[in-house]
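If you want the building blocks of each chain, they are given just below.
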Amino acid sequence: MLQVYRNTSIFVFLVFIGVQWGFYHPYTSQFPHFKNATTVIHIHGALLMTWILLLIVQPLLIQSGRASLHKKIGNVSWVLGPLVIAFLFLIGRSGYTRGLGTVPEHENLTFVALDMRGFISFAIFWSLAMIYRKTPNTHMRYMIATGILAIGPGIGRGLIYSAGMNIGDAITIADALDLAIVGVLLGFDVYRKKNYKPFLTIFLILLIGSLLWQLRDSAFWQSFAKTYASLFY
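Everything in this summary refers to the structure shown in the same document. (Residues numbered from 1 in each chain as written. Predicted model: local features only at pLDDT ≥ 70, side-chain atom pairs only at ≥ 80, totals over all residues. Heavy atoms only, no water.)

## Things to note about the packing of aromatic side chains
Basically, it comes down to this: Any pair of Phe, Tyr and Trp rings, taking the six-membered ring for Trp, is counted once the centres come within 6.5 Å. Such a pair is stacked with planes under 30 degrees apart, edge-to-face with planes over 60 apart, and tilted for the rest. What counts as a helix is a DSSP run of H or I of at least four residues, what counts as a strand is a run of E of at least two, and both are numbered from the N terminus. To sort residues, take the accessible area from a 1.4 Å probe on protein chains only and compare it with the maximum for the residue type: under 20% means buried, over 50% means exposed, and anything in between is partly exposed. Charges are assigned to positions over rings by a cutoff of 6 Å between ring centre and Lys NZ or Arg CZ, combined with an angular limit of 35 degrees from the ring normal.
For the structure shown, the criterion picks out 14 aromatic pairs. The interplanar angle of 75 degrees and the centroid separation of 5.6 Å between the aromatic rings of Phe 89 and Phe 119 together place this pair among those described as edge-to-face. In this pair, Phe 89 is assigned in helix α4 (residues 77-99) and Phe 119 in helix α5 (residues 105-131), connecting sequence segments 30 residues apart. For the residue pair Phe 89 and Phe 119, the accessibility class agrees, reading buried in each case. Ring geometry for Phe 224 versus Tyr 228: centroids 6.4 Å apart, planes at 25 degrees, classification stacked. Of the two residues, Phe 224 and Tyr 228 both sit in helix α10 (residues 219-232), four residues apart, roughly one turn of that helix. In this structure Tyr 228 comes out as buried when scored by relative accessible area, which is 7%. Among the aromatic residues, those joined into a ring-pair cluster are Phe 89, Tyr 96, Phe 119, Phe 220, Trp 221, Phe 224, Tyr 228, Phe 232 and Tyr 233. One Lys or Arg, Arg 216, reaches over the ring of Trp 213 and ends 4.1 Å from the middle of that ring.

Set out below in structure tokens:
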């Protein structure tokens, strides 16, 4: 069992590396001037990096027998989680606002699919992780899911800036990677006769998000996104 916690930390660390790869060109390489970054972007980035580091450290504390320290540090999640959710929303709103008048409306509305699914998925996974905080195996799976959400933005941007891929294909590949990872984890739980419901829930939520991205050019999505933007942006 303790090996599972170590493997979880290793997995999240690899996600962290992927995020650094993806955000190097559009963000990190601009240090120290950050010409294209706003205050919201800086806070958003700091919150997410703190969250990912938390996901790396917390399993290691369990593995090393420091459960009490794990619990104390975990209380930070009650504040950090909602802040991450709030700034995921704000980053989407600011991106949409910057796009007004500078990119075609149709294209601007497609990005609402990315922003909306990001903060809603995180909110669901974080909420479930906290609800099941006294059930370690379930809690751990939903916390892992919040880390998996970072794969899309990291790998997606990496493919765009390093491989010259268009955003549509890059996000589609990143989505497929997310689903493949969760699918394998789900398969392991089924095979080992563990509680498979958490990873099944995670898989279905990611699948819905992936489908939203594929529907981004449809009349249905464009109409919905326009209404959503007028109400919340």
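## Concerning unusual backbone geometry
A positive phi angle, close to 50 degrees, is found at Phe 34, a residue other than glycine. Mapped onto the fold, Phe 34 is located in the loop between α1 (2-24) and α2 (39-63). Of the residues examined, Phe 34 reaches a relative accessible area of 15% and is grouped as buried. Unlike most non-glycine residues, Lys 193 shows phi in positive territory, near 60 degrees. For Lys 193, the location among the structural elements is in the loop between α8 (167-191) and α9 (197-214).

## Side note on the side chain of His 70
We apply this condition: Should any heavy atoms of two residues lie within 4.5 Å, those residues are counted as being in contact.
Relative to the elements of secondary structure, His 70 occurs in helix α3 (residues 67-74). According to the relative accessible area criterion, His 70 is buried, its value standing at 18%. Once residues lying within four places of it in the same chain are set aside, the contact partners of His 70 are Gln 58, Leu 61 and Ile 62.

## Describing the nonpolar core
We count it as follows: Only buried residues count toward a nonpolar core, which is a set of Ala, Val, Leu, Ile, Met, Phe, Trp, Tyr and Cys residues joined through side-chain atoms within 4.5 Å.
Counting 55 residues, the largest nonpolar core has Trp 51, Phe 122, Phe 125, Ile 202 and Leu 206 as its most contacted members. Tallying contributions element by element places α5 first for this core, with twelve residues. When neighbours within four sequence positions are excluded, Phe 122 is seen to be in contact with Trp 51, Gly 81, Val 84, Ile 85, Leu 88, Thr 146 and Leu 149.

These results come straight from atomic positions and should not be treated as a statement about function.
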